[in-house]
Amino acid sequence: MLTSLRGADDVNLNEAEQLAISELATLRGRFDIDSELKQAGTSRSPEMVRMMVAITVYYLYNTVIDDEIPERISDNYSKEIKDIRAIASGKMYSTIKALTAADGTSKSKFRSGGDAPRDNHIF
């Protein structure tokens, strides 16, 4: 089964990896994704490895008919995509290395603030 999923000369595997990497696009504004992807061995973020494995396996299974895809593969993919969206929106903490500004602070594409505070004085 693994051989058929990977495809001749790992064509399916390589394509699945690229598709998985593309799912991380929403994180690029806040996190150093390229640096994370270059890491090897124990220096890799376990969170990034988990995400990439689940998403890559899901895309590998797109090469077979839907009835042969285990439910846990789809469930794991959905969970990781949900987590990526939550991390990208700032609703979920991540151990992925954040981008830093020139002054060394974390770089973020989000701004906080809002309207002027309400004044409840009548006069």
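Residues numbered from 1 in each chain as written. Predicted model: local features only at pLDDT ≥ 70, side-chain atom pairs only at ≥ 80, totals over all residues. Heavy atoms only, no water.

Undergrad: Could you clarify how one ought to interpret the pattern of salt bridges in this entry?
TA: Oppositely charged side chains can form a pair if their charged atoms are brought close together. Counted under the stated rule, the structure contains 5 salt bridges. The shortest N-O distance in the salt bridge between Arg28 and Asp34 comes to 2.7 Å. A salt bridge links Lys79 to Asp83; its shortest N-O distance comes to 2.5 Å. Here Lys79 pairs with Asp83, and both are found in helix α5 (residues 71-88), just 4 residues apart, close to one helical turn. By relative accessible area, Lys79 is classed as partly exposed at 40%. (Salt bridge = Lys/Arg side-chain N within 4 Å of Asp/Glu carboxyl O. Helix = DSSP H or I, 4+ residues; strand = E, 2+ residues; numbered from the N terminus. Buried < 20%, exposed > 50% of the residue type's maximum accessible area, 1.4 Å probe, protein only.)

Undergrad: I would appreciate a short explanation of the layout of surface pockets in the present structure.
TA: The rolling of a water-molecule-sized probe over the atoms marks out the regions of remaining empty space. Estimates place the volume of the largest pocket at around 230 Å³. The wall of the largest pocket is formed by Glu17, Ile21, Glu36, Leu37, Gln39, Arg44, Ser45, Met48, Val49, Met52, Val53 and Thr56. Looking at the lining of the largest pocket, the elements with two or more residues in it are α2 (11-22), α3 (33-38) and α4 (46-61). With 5 residues, the top contributor of residues to the lining of the largest pocket is α4. (1 Å grid on protein atoms, 1.4 Å probe; cavity = no way out; pocket = protein on both sides within 12 Å on 5 of 7 lines; lining within 4 Å. Points joined across faces, edges and corners; volume = space filled by probe spheres on them.)

Undergrad: Explanation requested: the packing of aromatic side chains in the structure shown.
TA: Any pair of aromatic rings gets described here by the distance separating the centres and the angle formed by the planes. Under the defined criterion, the tally for this structure stands at 3 aromatic pairs. When the centroid spacing of 5.5 Å and the interplanar angle of 70 degrees are considered together, the rings of Tyr58 and Tyr59 count as edge-to-face. Overall, the relative accessible area of 17% leaves Tyr59 in the buried class. Three or more aromatic residues joined by ring pairs form one cluster here, namely Tyr58, Tyr59 and Tyr77. (Phe/Tyr/Trp six-rings, centres within 6.5 Å; stacked < 30°, edge-to-face > 60°.)

Undergrad: Could you clarify how one ought to interpret the packing of α2 against α4 in this entry?
TA: Axes are the key here: two packed helices are described by the angle between their axes and the distance separating the axes. Close contact between α2 and α4 brings their axes to 8 Å; oriented N to C, the two are set at 130 degrees. Looking at the two axes, α2 sits oblique to α4. Between α2 and α4 the crossing geometry is right-handed. Between α2 and α4, the contacting residues are Asn12, Leu13, Ala16, Glu17, Leu19, Ala20 and Ile21 on the first element and Met52, Ile55, Thr56, Tyr59 and Leu60 on the second. Split into classes, the residues belonging to the contact of α2 with α4 amount to 9 nonpolar, 2 polar and 1 charged. (Axes fitted to C-alpha atoms, helices over the stretch in contact; angles between N-to-C directions. Parallel < 35°, antiparallel > 145°, perpendicular 65-115°, else oblique. Left-handed = near helix turned anticlockwise from the far one by under 90°. Contact = heavy atoms within 4.5 Å. Nonpolar A, V, L, I, M, F, W, Y, C, P; charged D, E, K, R; others polar.)

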